Amino acid sequence: MVWSRETPELIAEFANVNHENITTPAPRSNSQAYYIQLAYRLAMLEKRWKPYYRFEYIHIPLSDTLFQTQGVQNLQGSIAGLRYDISTFAAFKFEYRNQRRAPNAPRINSAFAQTSFTF
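Residues numbered from 1 in each chain as written. Predicted model: local features only at pLDDT ≥ 70, side-chain atom pairs only at ≥ 80, totals over all residues. Heavy atoms only, no water.

Trainee: Is there a simple way to think about the pattern of salt bridges in this case?
Mentor: Pairs may arise between side chains of opposite charge once their charged atoms sit close together. Summed over all chains, the structure comprises nine salt bridges. Linking Glu 56 and Arg 54 is a salt bridge whose minimum nitrogen-to-oxygen distance equals 3.2 Å. By relative accessible area, Arg 54 is classed as buried at 13%. The residue Arg 83 makes a salt bridge to Asp 85 at a minimum N-O spacing of 2.7 Å. In this structure Arg 83 comes out as partly exposed when scored by relative accessible area, which is 27%. (Salt bridge = Lys/Arg side-chain N within 4 Å of Asp/Glu carboxyl O. Buried < 20%, exposed > 50% of the residue type's maximum accessible area, 1.4 Å probe, protein only.)

As structure tokens, this is what we get:
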């Protein structure tokens, strides 16, 4: 789902991954993931700034032998970011992330900077 008027912008996505091992009698498993993002293009400074917030969640059941062997478990996190459009073709993004890999695991805080180009 996308509502891209940018004042506000709402983006949501859901995915279900089904794994079945055809060589062993392991059970089938379904892993779900979704995110929802809300952003708002600010009217000031030529509408170049867009703050956003995104919530992400990934559920990986213990029966999922493919993902569990990689040490991956559930992921739950929030992202707060700010995008600055340098031009029509380039942008900078600055993000703060707060994530947790398992229900009893500690939260991980991190910051990222990214630049993107399109043509």
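Trainee: It is not clear to me how the pairing of strand S4 (residues 49-59) should be interpreted in this structure. Could you clarify?
Mentor: For a regular strand, side chains alternate in direction, first toward one face of the sheet and then toward the other. Sheet topology note: the strand S3 (residues 29-39)/S4 ladder contains eight bridges and is antiparallel. Bridge pairing links Gln 32 to His 59 in S4. The pairing of S4 with strand S5 (residues 75-85) spans ten bridges and is antiparallel. The residue bridging Tyr 57 from the neighbouring strand is Gln 76, located in S5. (Pairing = 2+ DSSP bridges. Helix = DSSP H or I, 4+ residues; strand = E, 2+ residues; numbered from the N terminus.)

Trainee: Can you help me understand the side chain of Glu 95 in this one?
Mentor: Residue placement: Glu 95 occurs in strand S6 (residues 90-100). Glu 95 gets classed as buried once you look at its relative accessible area, which sits at 7%. Within the local environment of Glu 95, its side chain forms a polar contact with the side chain of Arg 97, the two groups lying 2.8 Å apart. Contacts of Glu 95, omitting those with residues within four sequence positions, involve Tyr 52, Arg 54, Ile 79, Ala 80, Gly 81, Ser 110, Ala 111 and Phe 112. (Polar contact = N/O pair within 3.5 Å; in protein donor to acceptor, adjacent residues only side chain to side chain. Contact = heavy atoms within 4.5 Å.)

Trainee: Explain the packing of aromatic side chains to me, please; I cannot follow it from the model alone.
Mentor: Two numbers describe a pair of aromatic rings. These are the distance of the centres and the angle of the planes. According to the stated counting rule, one finds four aromatic pairs in the structure shown. Measuring from centroid to centroid gives 5.8 Å for Tyr 34 and Tyr 57, while their planes differ by 40°, and the two rings are tilted. Of this pair, Tyr 34 sits in strand S3 while Tyr 57 is found in strand S4, placing the two residues 23 residues apart along the sequence. Exposure remark for Tyr 34: the relative accessible area of 38% places this residue in the partly exposed category. Members of the aromatic cluster, each reached through a chain of ring pairs, are Tyr 34, Phe 55 and Tyr 57. A cation over an aromatic ring shows up here: Arg 97 above the ring of Phe 112, its NZ or CZ 4.2 Å from the ring centre. (Phe/Tyr/Trp six-rings, centres within 6.5 Å; stacked < 30°, edge-to-face > 60°. Lys NZ or Arg CZ within 6 Å of the ring centre and 35° of its normal.)

Trainee: Just to check I follow, could you spell out the pairing of strand S2 (residues 9-19) for this structure?
Mentor: The pairing of strand S1 (residues 2-4) with S2 spans three bridges and is classified as antiparallel. Its bridge partner being in S2, Trp 3 is matched across the sheet by Leu 10. Between S1 and S2, which pair antiparallel in sequence order, lie four residues; one of them, Glu 6, sits at a positive phi of approximately 70°.

Trainee: Would you explain the confidence of the model for the protein in this entry?
Mentor: Taken as a whole, the protein shows an average pLDDT of 86; of its residues, 95% reach a score of 70 or greater. By mean pLDDT, helix H1 (residues 65-68) is the weakest element of the protein at 69, and strand S7 (residues 108-117) is the strongest at 94. (pLDDT = per-residue confidence, 0-100.)

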